[in-house]
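What follows is the residue order along each chain.
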Amino acid sequence: MACLSCLLEYGTVKIIVIRNKAVGSVFRLIQFLIILYVIGYVCVVRKSYQVKDSVISTVTTKVKGTGFTNISGLGAHVWDVADYNIPPEGESSFFVLTNMIITPNQMQSSCPELPDQSTICMSDSDCTEGSSDVRGNGIQTGLCVNYSETVKTCEVLSWCPLEIDTDLPENPLLAAAENFTVLIKNTVTYPKFNFHKRNILPDVNSSYLKQCEFNRITDPHCPIFRLKDMVAEAEEDFQTMATRGGVLGILIDWSCDLDFPEHYCGPKYSFCRMDNKNPENNVAPGYNFRFAKYYKTTDDVETRTLIKSYGIRFDVIVFGTAGKFNIVPTIVNVGAALTILGLVSPVKSAVLVVIINIHVGCVQNL
C-alpha cells in the first residue's frame, strides 16, 4: 500500500518570488546570455539545426595558347598545348612549361663524368669499373679521361653528352605562357541531399564560353582563367615564378546552404602559392622535372633530346560542406537549450545565498 501510494502521488515545486533587484538582474542576464548563445552561435553561426554533408568532386582542365622560342639546340620552335602541357591529363592538376635546359643529340656512349669531389681522378686506379653513384650520370668504365685541359674525371657509360643543368636562363623562355588560358570543368555532388551541380552554370552557353574570361567583377562565373591573372591574385609575379617554376593552388569553395534556392549555391574561387618560397630557406626552389624526346638516325642509332622542364603546376583543390534543415538536430539542440535554461534556477539560488550572507554579515557588523 505504501508503494502504491507513492506511485499515485503528484508533487509540485514550491515557487518563491524574491523581489530583489540584484537577484532579478543576474537571473535575467543569465537568461539573455543563454538565449543569445543559442540564437547567435548555435543557430546563426553553426547552423546546428541542419544536417551536413561533404562535397564529392571531379575536375577536368583544358589549356589553350601558343608560344614561340628560338634557342640554341632547338632553333625556332612554336609551342602548342601538346608541347608545354605535360602530362596532358593530370588528377585535378595541370602543368605548364615556362623555362627549360635543353641537351640535344644525346646517344648511348661513353664520356667524362661531370667533375665533383667523387669523380675527379688522377689515374685509372681512382675509378672503379661498374660502380655507379645515385647522384651521378652513369656507370663508370674504370678509365680516367680528360674532362678539360686541366681536369680529369672518371669515364661513364651514359647518354652523352651529359646534361649541364646550371645554365638556366634568367628569364623564362616561354614568357608568352602568361597569356595562356585554362578551362576548368568542375562537377560536385552532395550525395546525402542528391544535389549535383557544375561550375559551368545552366545559363552559360557555348557562345559565351568562346569569349568570356574570369573576372571577379564582370565575369565571376566564367570558368576560363588567364594564367597571369591567377598568379597575380595569389600576389605573385608570373615572370618571376615562371623562371624556376612553382606550385599554384586553385581553390574552389562549394560551401552551400541548401535551405535557399539552388541558384544561390555556386563556386567561389581563390588562388594561393603552395610551394615554399621563403628567402631564408631557399634550397631547391621552384618546380622542375625531366623528359626526353627520342629519335632514330638514318643509321638506326637511337638518340634523344633531354629537356629539364621548369614551370608552374596548378593544383585544383575543391572543398566545401552543405547543410539542410532537419528535424532531428533541431529537436536535439532545442532540448539542449531548454536544459541549459533549466540550470538558471540553481544559479539564481546560489546568487541569492551569497546576497543573504553578505546582508547578514553587514547587519552583524552594525
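Throughout this document, residue positions are counted from 1 along each chain, in the order its sequence is written. Only residues with pLDDT of at least 70 get local features here, since the model is predicted, and only at 80 or more are side-chain atom pairs given and counted; chain-wide, interface and lining totals rely on the full set of residues. Hydrogens and water molecules were not included; the side-chain quantities draw on all heavy atoms of the structure.

- The protein has a UniProt comment under Function (unreviewed entry) that states "Receptor for ATP that acts as a ligand-gated ion channel."
- UniProt positions are given in the numbering used here, feature names are shortened, and annotations may be inferred rather than shown by experiment. Quoted verbatim from the Catalytic activity (unreviewed entry) field of UniProt, the annotation for the protein is "Ca(2+)(in) = Ca(2+)(out)".

## Re the overall build of the protein
Then comes step 1: Secondary structure summary: the protein contains 8 helices and 16 strands in total.
Then comes step 2: Compactness check: the protein gives a C-alpha radius of gyration of 36 Å against a globular reference of 21 Å for 366 residues, more than 25% above the reference.
Then comes step 3: Expressed as a percentage of the 366 residues in the protein, the buried residues total 35%.
Then comes step 4: Contact criterion: two residues are considered in contact whenever any of their non-hydrogen atoms come within 4.5 Å of each other. Here the contacts in the protein between residues at least 6 apart in sequence split such that 69% fall between residues at least 24 apart.
Then comes step 5: Between the centroid of the 31 positive side chains of the protein and the centroid of its 37 negative side chains there is a distance of 18 Å. Every helix listed is a DSSP run of H or I at least four residues long, and every strand listed is a run of E at least two residues long, numbered separately from the N terminus. Radius of gyration: over C-alpha atoms. The globule rule applied is 2.2 Å multiplied by the number of residues raised to the 0.38 power. The buried label applies to any residue whose accessible area, calculated with a 1.4 Å probe on protein chains only, is under 20% of its type's maximum; exposed applies above 50%, and partly exposed to all values in between. In this charge count, Lys and Arg are treated as positive and Asp and Glu as negative; neither His nor the chain ends contribute. Charged groups are reduced to one reference atom each: NZ for lysine, CZ for arginine, CG for aspartic acid, CD for glutamic acid.

## Looking at the state of the cysteines
Then comes step 1: We call a pair of cysteine sulfur atoms a disulfide when they lie within 2.5 Å. Considering all chains together, one arrives at 5 disulfides under this definition.
Then comes step 2: The disulfide that involves Cys111 links it to Cys160, with 2.0 Å between the sulfurs. Its S-S torsion of approximately -75 degrees makes the covalent link between Cys111 and Cys160 left-handed. Linking Cys111 in strand β5 (residues 93–112) with Cys160 in strand β7 (residues 152–160), this pair joins segments that are 49 residues apart in sequence.
Then comes step 3: Note on Cys160: relative accessible area 8%, which makes it buried.

## Section: the packing of aromatic side chains
Two aromatic rings, taken as a pair, are described by how far apart their centres are and by the angle between their planes.
Then comes step 1: Two aromatic rings from Phe, Tyr or Trp, using only the six-membered ring of Trp, form a pair when their centres are within 6.5 Å; if the ring planes differ by under 30 degrees the pair is stacked, by over 60 it is edge-to-face, and anything between is tilted. Under the criterion given, the structure shown has 16 aromatic pairs.
Then comes step 2: Ring centres of Tyr287 and Phe289 lie 6.2 Å apart, and the angle between their planes is 65 degrees; on these two criteria the pair is classed as edge-to-face.
Then comes step 3: Members of the aromatic cluster, joined through ring pairs, are Phe95, Tyr287, Phe289 and Phe291.

## Side note on the pattern of salt bridges
Then comes step 1: Counted as salt bridges are all cases of a side-chain nitrogen of Lys or Arg within 4 Å of a carboxyl oxygen of Asp or Glu. Tallied over the entire structure, the rule returns 11 salt bridges.
Then comes step 2: Where Asp315 meets Arg313, a salt bridge forms, and the shortest distance between an N and an O atom there is 2.9 Å.
Then comes step 3: Judged by relative accessible area, Arg313 falls into the partly exposed class, the value being 26%.
Then comes step 4: Several salt bridges converge on common partners, so that one network encompasses Glu163, Asp165, Arg290 and Lys308.

## Some details on the pairing of strand β8 (residues 181–190)
Then comes step 1: For β8, a buried count of 8 out of 10 residues is recorded, marking the element as mostly surrounded by other parts of the structure.
Then comes step 2: Two strands qualify as a pair provided DSSP detects at least 2 bridges between them. Across 9 bridges, strand β2 (residues 56–64) lies against β8 in antiparallel orientation. Paired with Thr61 across the two strands is Ile184, which belongs to β8.
Then comes step 3: Examined bridge by bridge, β8 and strand β10 (residues 224–226) share 3 bridges and lie antiparallel to one another. Looking at β10, one finds that Thr181 is bridged to Arg226.
Then comes step 4: Looking at chain direction, β8 and strand β9 (residues 195–198) are connected through 4 bridges and run antiparallel. Residue Thr187 lies in a different strand from β9, and its bridge partner there is Arg198.
Then comes step 5: Counted between consecutive antiparallel strands, the loop separating β8 from β9 contains 4 residues, among which Asn194 sits at a positive phi close to 55 degrees.

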